[in-house]
Amino acid sequence: MQLKITGKYNMLKVVQNISNLADIHYVRQKEPLGLGHAILCARKFIGNEPFAVLLGDDIIDSETPALRQMINKYQEVQSSILGCKEVPRLDVVKYGIVNYSYRYQDMYKVQSLVEKPSVEAAPSTQAIVGRYILSPMIFEMLERITPDAKGEIQLTEAIDLLLSREPIFSYLIQGKRYDVGDKFGFLQASIDFALKRPDLKKQLEQYLLDSLMKANKEADL
Ligand code: G1P
């Protein structure tokens, strides 16, 4: 309303376009009891259908959106799909890691999962990067598992349990992934996305060049 009153019609259009993209329903997770618990809170919105989970601190930039890539895979195999990326071995400690038995086209048949394993214990370097398409059977599994040492209900553990009932595939997502929950990842994403915008590209490039030259000069002194 404020934008309308002040005649900022271009900005008003941007805001309206965003709110017309989808119907947003939300539920608050009243206690920080883990990702699995957060998903359980959303159960009443989902009912008995497969659904997608997207973690907001994982951003993936690709021509075909990451979730679209995964929906295409779901349509082929009609099974839960975990969106993954290969990560450096030292980074396995930050992710849910896939133990797979064989490759099927550009997917992998998941055999088991382990949440944040040690470098030595990790069965592979294939990490889940915050994109999931899950069968509604996951809710039963989430209800069955017990909280971990930190009191959190881990989604990874529930998916591991789901494996005893249904096949699950992992898929290596195409595109560049940013971890914006990490300070440096947040900066990388901000810079790369800004450089793609015609209204910011030139100005940002000049700013980065100036900053680098200044930093180099200071290092020489
Ligand atoms: C969560 C999941 C983990 C997954 C990661 C992706 O961990 O528990 O399995 O690999 O997101 O970003 P978190 O980042 O919340 O510690």
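Structure first, text after, so check above.
Criteria and thresholds
- Here the residue numbering is sequential within each chain, running from 1 through the sequence in written order.
- Local features in this predicted model are restricted to residues of pLDDT 70 or higher, and side-chain atom pairs are both shown and tallied only at a pLDDT of 80 or more, whereas totals for entire chains, interfaces and linings draw on every residue.
- Heavy atoms from the whole structure form the basis of all side-chain values; hydrogens and water molecules are not counted.
- What counts as a salt bridge is simple: a side-chain nitrogen of Lys or Arg found within 4 Å of a carboxyl oxygen of Asp or Glu.
- Strands are runs of DSSP state E lasting at least two residues, helices are runs of H or I lasting at least four, and both sets are numbered from the N terminus onward.
- Accessibility here uses a 1.4 Å probe with only protein chains present; expressed as a share of the type maximum, an area under 20% marks a residue as buried, one over 50% as exposed, and anything in between as partly exposed.
- Aromatic pairing here means that ring centres of Phe, Tyr or Trp (its six-membered ring) are within 6.5 Å. Orientation follows from the plane angle: under 30 degrees is stacked, over 60 is edge-to-face, and everything else is tilted.
- Lysine and arginine charges are scored as sitting over a ring when NZ or CZ, respectively, is within 6 Å of the ring centre and within 35 degrees of the ring normal.
- A molecule or strand has a residue near it when one of that residue's heavy atoms lies within 4 Å.
- Nitrogen and oxygen atoms within 3.5 Å of one another constitute a polar contact, given that in protein one can donate a hydrogen and the other can accept it, and given that sequence-neighbouring residues count only through two side-chain atoms.
- For accessible areas, the Shrake-Rupley method is used with a probe of radius 1.4 Å. Any residue's cover is judged against the shown protein chains and nothing else.
- For each structure, a 1 Å grid was placed over the protein atoms alone; sets of points admitting a 1.4 Å probe that cannot get out are labelled cavities, open sets with protein on both sides within 12 Å along at least five of seven lines are labelled pockets, and lining residues have an atom within 4 Å of a point.
- To be counted as sitting in a cavity or pocket, a molecule needs more than half of its atoms within 2 Å of that site's grid points.
- Side-chain classes are defined by residue name, with Ala, Val, Leu, Ile, Met, Phe, Trp, Tyr, Cys and Pro counting as nonpolar, Asp, Glu, Lys and Arg as charged, and the others, Gly among them, as polar.

Asks: Which residues make up the pattern of salt bridges, and what are the values?
Replies: Where charged atoms from two side chains of opposite charge come close, those side chains can pair. A full pass over the atoms with the stated rule returns eleven salt bridges. Residue E218 pairs with K214 through a salt bridge whose shortest N-O separation is 4.0 Å. A residue pair is termed a helical-turn pair when its members lie 3 or 4 positions apart in one helix, as E218 and K214 do in helix 9 (residues 201-220) at four residues. A relative accessible area of 55% places K214 in the exposed class. Where salt bridges share partners, they join K73, E76 and D106 into one cluster.

Asks: Before we move on, can you summarise the packing of aromatic side chains with the specific residues and values?
Replies: All told, the structure shown has four aromatic pairs when counted by the stated rule. Ring geometry for Y100 against Y108: centres 4.6 Å apart, planes inclined by 55°, an arrangement best described as tilted. Their ring planes at 55° and their centres at 5.7 Å tell us that Y178 and F193 sit as a pair that is tilted. Of this pair, Y178 sits in strand 8 (residues 176-179) while F193 sits in helix 8 (residues 183-195), and the two are 15 residues apart along the sequence. With a relative accessible area of 3%, Y178 lands in the buried category. Judged by its relative accessible area of 33%, F193 is partly exposed. Of note, K196 hangs over the ring of F193, and the distance from its end group to the ring centre comes to 5.8 Å.

Asks: Pulling in residues and values, what's your account of the site of the ligand?
Replies: Near the ligand, the surroundings consist of L55, D58, Y95, G96, E115, K116, I128, G130, Y132, Q154 and T156. Within the backbone of I128, one N or O atom sits 2.6 Å away from an oxygen atom of the ligand. Here an oxygen atom of the ligand and a side-chain polar atom of T156 are 3.2 Å apart. Coverage of the ligand by the protein amounts to 76% of the 380 Å² it exposes when considered alone. The cavity where the ligand resides is the largest pocket. Top contributing element to the shell around the ligand by residue count: strand 6 (residues 126-134), with three residues. Tallied by class, the residues present in the shell around the ligand amount to four nonpolar, four polar and three charged.

Asks: Could you give an account of the environment of N10, naming the residues involved and the relevant values?
Replies: Here N10 shows up in helix 2 (residues 9-19). Residues N10 and L67, 57 residues apart in the sequence, show an inter-C-alpha distance of 30 Å.

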